[in-house]
Amino acid sequence: MVYCFKNIGGGSCIQICPRNGIDLVVMNPGLVIGPLLHPTLNETSKCFLTLISQGKYSNATPGGNFIYVDVRDVANAHILAFENSLANGRYCVVAQVLNCSQVLQILRQLYPTANFPI
């Protein structure tokens, strides 16, 4: 069903699945961060780093705020939804909302030799 959701669109699957006796649970994560399974950056990480390195991070969202969630929490949310037969509908998976200045402060603490804008 994940294939259907990503290729047809959420609205269509939400309508199609119940008519065909298929349970559908939709996870809507914030900006997913955390350890990678492979040695190269994924597209989300590349986009995030590009926004920061070009100094466009604060203009990327209204008020310069982003919603974040750890990839492990997203995986856990999927497992919990799978294991709970009562799970249905859409779930927002969010750990924290941070302003761009807060994110830059955290990054500067973690990577003091990096050259971040602002």
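A quick note: this is a predicted structure, and the numbers were derived from the prediction, not measured. (Residues numbered from 1 in each chain as written. Predicted model: local features only at pLDDT ≥ 70, side-chain atom pairs only at ≥ 80, totals over all residues. Heavy atoms only, no water.)

*Asks:* With reference to specific residues and values, describe the sheet that holds strand S2 (residues 31–33).
*Replies:* Ordered in space as S2-S3-S5, the 3 strands form an open sheet in which the pairing is mixed. The open sheet has two free edges, formed respectively by S2 and strand S5 (96–99), since each of these has just one partner strand. Averaged over all pairs of adjacent strands, the angle between their axes in this sheet comes to 40 degrees, without regard to strand direction. Of the strand pairs in this sheet, strand S3 (residues 65–70) and S5 are connected by 4 bridges, and their pairing is antiparallel. The partner of isoleucine 67 across the bridge, within S5, is valine 97. Lying on the sheet, helix H5 (residues 100–110) is in contact with S3 and S5; it crosses S5 at an angle near 90 degrees. (Pairing = 2+ DSSP bridges. Helix = DSSP H or I, 4+ residues; strand = E, 2+ residues; numbered from the N terminus. Axes fitted to C-alpha atoms, helices over the stretch in contact; angles between N-to-C directions. Contact = heavy atoms within 4.5 Å.)

*Asks:* Can you tell me about helix H3 (residues 43–53), naming the residues and giving the values?
*Replies:* Those residues of H3 that fall on the buried side of the exposure criterion are Ser45, Phe48, Leu51 and Ile52. The buried residues of H3 occupy an angular sector of 130 degrees when the element is viewed end-on, so they sit on one face. Away from the buried face of H3 by more than 90 degrees, exposed residues Glu43 and Ser53 are located. On the buried face of H3, the contacting elements are S2, S3 and H5. (Buried < 20%, exposed > 50% of the residue type's maximum accessible area, 1.4 Å probe, protein only. Arc of directions from axis to C-beta.)

*Asks:* Which residues make up the packing of aromatic side chains, and what values do they have?
*Replies:* Aromatic ring pairs are reported here in terms of the distance separating the ring centres and the angle at which the planes meet. In the structure shown here, the tally under the stated rule is 1 aromatic pair. Aromatic side chains phenylalanine 66 and tyrosine 68 sit 6.2 Å apart centroid to centroid with 40 degrees between the ring planes, which places their arrangement in the tilted category. Classification of phenylalanine 66 as buried rests on a relative accessible area of 12%. (Phe/Tyr/Trp six-rings, centres within 6.5 Å; stacked < 30°, edge-to-face > 60°.)

*Asks:* Report on a nonpolar patch on the surface, specifying residues and quantitative values.
*Replies:* On the surface, Leu36, Leu41 and Leu49 cluster together to form a nonpolar patch covering roughly 220 Å² of accessible area. For leucine 49, the location among the structural elements is in helix H3. On the basis of relative accessible area, leucine 49 is assigned to the partly exposed category, the value being 42%. (Patch = residues over 30% accessible without salt bridge, like charges linked within 9 Å, V, L, I, M, F, W, Y side chains within 5 Å. Areas by Shrake-Rupley, 256 points an atom, 1.4 Å probe, with all protein chains shown as cover. Salt bridge = Lys/Arg side-chain N within 4 Å of Asp/Glu carboxyl O.)

*Asks:* I'd like a rundown of the side chain of aspartate 70, residues and numbers included.
*Replies:* Mapped onto the elements, aspartate 70 comes out in strand S3. If we ignore the near neighbours within four places in the chain, the residues touching aspartate 70 are Ile33 and Gly34.

*Asks:* Lay out the layout of surface pockets with the relevant residues and their values.
*Replies:* To find the voids left in a structure, one rolls a probe of water-molecule size over its atoms. In this model, the second largest pocket occupies a volume close to 520 Å³. In this structure, the second largest pocket is lined by 21 residues; those nearest its centre are Ile33, Gly34, Phe48, Tyr68 and Leu107. Of the residues forming the lining of the second largest pocket, the biggest block, 5 residues, is contributed by H3. Its residues assigned to classes, the lining of the second largest pocket comprises 16 nonpolar, 4 polar and 1 charged. (1 Å grid on protein atoms, 1.4 Å probe; cavity = no way out; pocket = protein on both sides within 12 Å on 5 of 7 lines; lining within 4 Å. Points joined across faces, edges and corners; volume = space filled by probe spheres on them. Nonpolar A, V, L, I, M, F, W, Y, C, P; charged D, E, K, R; others polar.)

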